[in-house]
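Secondary and tertiary structure notes
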Amino acid sequence: MNIRLEQPQDYREVENLTREAFWNVYRPRCTEHYVLNQYRGNPDFIPELDYVMEEDDKIIGHVMFSKAKITLVDGTEYPSWTFGPISIHPDYKRKGYGLQLLQYALGKAREMGVGMLSMEGNIDFYRHAGFGLASKMKIHYHAEPWESEVPYFLAQELIPGYWGNREGSYCPPKGYFVADEHPKAFEAYEATFPPKVKLRLPGQLGYEE
Ligand SMILES: CC(C)(COP(=O)(O)OP(=O)(O)OC[C@H]1O[C@@H](n2cnc3c(N)ncnc32)[C@H](O)[C@@H]1OP(=O)(O)O)[C@@H](O)C(=O)NCCC(=O)NCCS
């Protein structure tokens, strides 16, 4: 297993990997590969934290990071960071690769001075890498009531004391909404990949019997 920075010649392979990893997991189809495709040209993108993982002579994992902001209660913006998509190829899931990739990238992020991270995700995976509920750090989620404990909204201080006793609200950077904002461009991009079956499945967000 090897972890290295993503190179331009990897882009298509990594976007296809992201599509394979997320397909029908959170919703019918997925848009995370398009988010990644568009993010590389975004000033929030952090090329020094754009990692691929190789095994068996191919890329089986990827993670990217982004600059972000938290709006404090007094209205000022506090520099913050986020990450994702993070992908492990379906054939290699639940073998410890995702955690190894994430822990490697978190170490590099800390060395670069990334003070904290917040993101949406499954606590059952991310707790292994030191994440907890953001609500417990008094970080509120933009799309939920101020006082609610949001089970899918997670955070971690990488540099002790960086967040301290502050309180604020987080909204993911604009780059994560690109597929919703440009649906036609997304469809044109999606059409460049081999067809895959779109399914509504139990476990997806908002799935109801
Ligand atoms: C999420 C993902 C990156 C995790 O990588 P992985 O290599 O499969 O996970 P690991 O084997 O390193 O998991 C370590 C531990 O985290 C937990 N875990 C991992 N994935 C989990 C999941 N989907 N649900 C609940 N717990 C999970 C487990 O406790 C696991 O240990 P175990 O296998 O002994 O039970 C990968 O499964 C993936 O690409 N999923 C699809 C895309 C996605 O959901 N990305 C994250 C979006 S927030």
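Computed from a predicted model, the values in this text were never measured in an experiment.

Reading the values: the criteria
- Residues numbered from 1 in each chain as written.
- Predicted model: local features only at pLDDT ≥ 70, side-chain atom pairs only at ≥ 80, totals over all residues.
- Heavy atoms only, no water.
- Helix = DSSP H or I, 4+ residues; strand = E, 2+ residues; numbered from the N terminus.
- Rg over C-alpha atoms; globule rule 2.2 N^0.38 Å.
- Buried < 20%, exposed > 50% of the residue type's maximum accessible area, 1.4 Å probe, protein only.
- Contact = heavy atoms within 4.5 Å.
- Areas by Shrake-Rupley, 256 points an atom, 1.4 Å probe, with all protein chains shown as cover.
- Patch = residues over 30% accessible without salt bridge, like charges linked within 9 Å, V, L, I, M, F, W, Y side chains within 5 Å.
- Salt bridge = Lys/Arg side-chain N within 4 Å of Asp/Glu carboxyl O.
- Core = buried A, V, L, I, M, F, W, Y, C linked by side-chain atoms within 4.5 Å.
- Pairing = 2+ DSSP bridges.
- Near = heavy atom within 4 Å.
- Polar contact = N/O pair within 3.5 Å; in protein donor to acceptor, adjacent residues only side chain to side chain.
- Nonpolar A, V, L, I, M, F, W, Y, C, P; charged D, E, K, R; others polar.

Within the protein chain, the secondary structure is distributed over six helices and nine strands. Against the 2.2 N^0.38 benchmark of 17 Å for 209 residues, the protein chain shows a C-alpha radius of gyration of 17 Å, consistent with a compact globule. Dimensions of the protein chain, computed from the C-alpha atoms along their principal axes, are close to 50 × 40 × 30 Å. Taken across its 209 residues, the protein chain has 46% of its residues classed as buried. Partitioning the contacts of the protein chain with sequence separation of at least 6, the portion at a separation of at least 24 is 69%. Put simply, the protein chain shows about 10900 Å² of open surface, and 52% of that area lies on carbon and sulfur atoms.

This part is about a nonpolar patch on the surface. On the surface, a nonpolar cluster with roughly 260 Å² of combined accessible area is contributed by Val25, Tyr26 and Leu205. With respect to the helices and strands, the residue valine 25 is situated in the loop between helix 1 (11–22) and helix 2 (32–39).

With that settled, the discussion passes to the nonpolar core. If you look at the biggest cluster of nonpolar residues, it comprises 44 residues, and the most contacted ones within it are Phe65, Phe83, Leu117, Phe131 and Ile139. Put simply, the parts of the chain that give this core at least two residues each are strand 2 (51–55), strand 3 (58–72), strand 4 (77–88), helix 3 (97–112), strand 5 (116–120), helix 4 (123–126), strand 7 (139–141) and strand 8 (153–157). By size, the runner-up hydrophobic cluster in this structure holds 15 residues, among which are Tyr34, Tyr39, Val52 and Tyr189.

A separate point is the pairing of strand 5. Of all the five residues making up strand 5, four are buried; the element is thus mostly covered by neighbouring parts of the structure. In terms of strand pairing, strand 5 meets strand 8 through five bridges, oriented antiparallel. Directly across from serine 118, in strand 8, lies its bridge partner alanine 155.

Moving on, we get to the pattern of salt bridges. Under the counting rule described, the total for this entry stands at eleven salt bridges. Across the pair arginine 40 and glutamate 6 runs a salt bridge whose closest N-O atoms are separated by 3.0 Å. Here the residue arginine 40 occupies a position in the loop between helix 2 and strand 2, and glutamate 6 occupies one in the loop between strand 1 (2–5) and helix 1, the gap between them amounting to 34 residues. Of the two residues, arginine 40 and glutamate 6, neither departs from the other in class, the shared state being buried.

Moving on, we come to the site of the ligand. Residues in contact with the ligand amount to 20 residues; listed here are only the nearest, Tyr26, Ile88, Arg94, Gly96 and Gly98. Separating an oxygen atom of the ligand from a backbone N or O atom of isoleucine 88 is a distance of 2.8 Å. Counting residues per element, the ones that place at least two in the shell around the ligand are helix 1, strand 4, helix 3 and helix 4. Residue composition of the shell around the ligand, grouped by class: nine nonpolar, six polar and five charged.

These figures come from the coordinates and say nothing about function on their own.
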